[in-house]
Amino acid sequence: ITFIFLFISGLFAQKNNTITVEGYVFAEDNSGYLHGATVTLLSADKTFKGEVITDNLGKFEFTVAPDETYKLRVRKTGFNNEEITYNCKRTMRDV
């Protein structure tokens with residue numbers, strides 16, 4: 001069984017007071033990006049906020065409210081599940 005590694009690559013401020021969080025999912029053993037992994041977005045209290053499937057490059061993307069804490073849960077058959085807590089503090093200049 002291989003573990004999933006989750007990489008958050010950026011926060012991008014939007015004009016409508018939201019932030020885009022994007023990242024990549026890949027195997028911990030560096031065997032490549034994991035397309036078809038399910039990434040679930042939950043609020044800090046674990047309320048469901050959204051779910052996406054990673055693309056061919058293992059990329060995912062969510063648009064969220066700024067200055068909130070979220071949990072990202074990743075799962076894919078044949079891999080151990082991964083969950084991280086991510087704080088979306090607005091650190092970028094408003095657009």
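Everything here concerns the structure above.
Overview of the structure. This is a predicted model, so every value here is computed, not measured.

Examining the sheet that holds strand 3 (residues 38-43)
- An order of 4-3-6-8 is seen for the four strands of this open sheet, with the pairing classed as antiparallel. Both outer strands of the open sheet, strand 4 (48-53) and strand 8 (82-87), are each paired with one neighbouring strand and no more. Going across the sheet, the axis of each strand differs from the next one's by a mean of 20°, ignoring polarity.
- Pairing of strand 3 with strand 4 involves five bridges; the strand directions are antiparallel. Following the sheet pairing, T40 is matched in strand 4 by E51.

Considerations on the environment of N80
- Among the structural elements, N80 can be located in strand 7 (residues 79-80).
- Sequence separation between N80 and A27 is 53 residues; the distance between their C-alpha atoms is 10.0 Å.

Comments concerning the pattern of salt bridges
- Counted under the stated rule, the structure contains four salt bridges.
- In this structure, E22 engages K59 in a salt bridge whose closest nitrogen and oxygen atoms are separated by 3.5 Å. Of this pair, E22 sits in strand 2 (residues 19-27) while K59 is found in strand 5 (residues 59-64), placing the two residues 37 residues apart along the sequence.
- With relative accessibility at 13%, the residue E22 sits in the buried group.
- With a shortest N-O distance of 3.7 Å, K46 and E83 are connected by a salt bridge. Note that K46 is positioned in the loop between strand 3 and strand 4 and E83 in strand 8, a separation of 37 residues in sequence.
- Classification of K46 as partly exposed rests on a relative accessible area of 47%.
- Overlapping salt bridges, with partners in common, bring together K46, R73 and E83 in one network.

Considering the nonpolar core
- Core analysis: the largest hydrophobic core is formed by 16 residues, its most contacted members being V25, V39, F62 and V64.
- Counting residues per element, the ones that place at least two in this core are strand 2, strand 3, strand 5 and strand 6 (69-75).
- Per-element tally for this core: the top contributor is strand 2, with four residues.

What counts, and where the lines are drawn
- Residues numbered from 1 in each chain as written.
- Predicted model: local features only at pLDDT ≥ 70, side-chain atom pairs only at ≥ 80, totals over all residues.
- Heavy atoms only, no water.
- Pairing = 2+ DSSP bridges.
- Helix = DSSP H or I, 4+ residues; strand = E, 2+ residues; numbered from the N terminus.
- Axes fitted to C-alpha atoms, helices over the stretch in contact; angles between N-to-C directions.
- Salt bridge = Lys/Arg side-chain N within 4 Å of Asp/Glu carboxyl O.
- Buried < 20%, exposed > 50% of the residue type's maximum accessible area, 1.4 Å probe, protein only.
- Core = buried A, V, L, I, M, F, W, Y, C linked by side-chain atoms within 4.5 Å.

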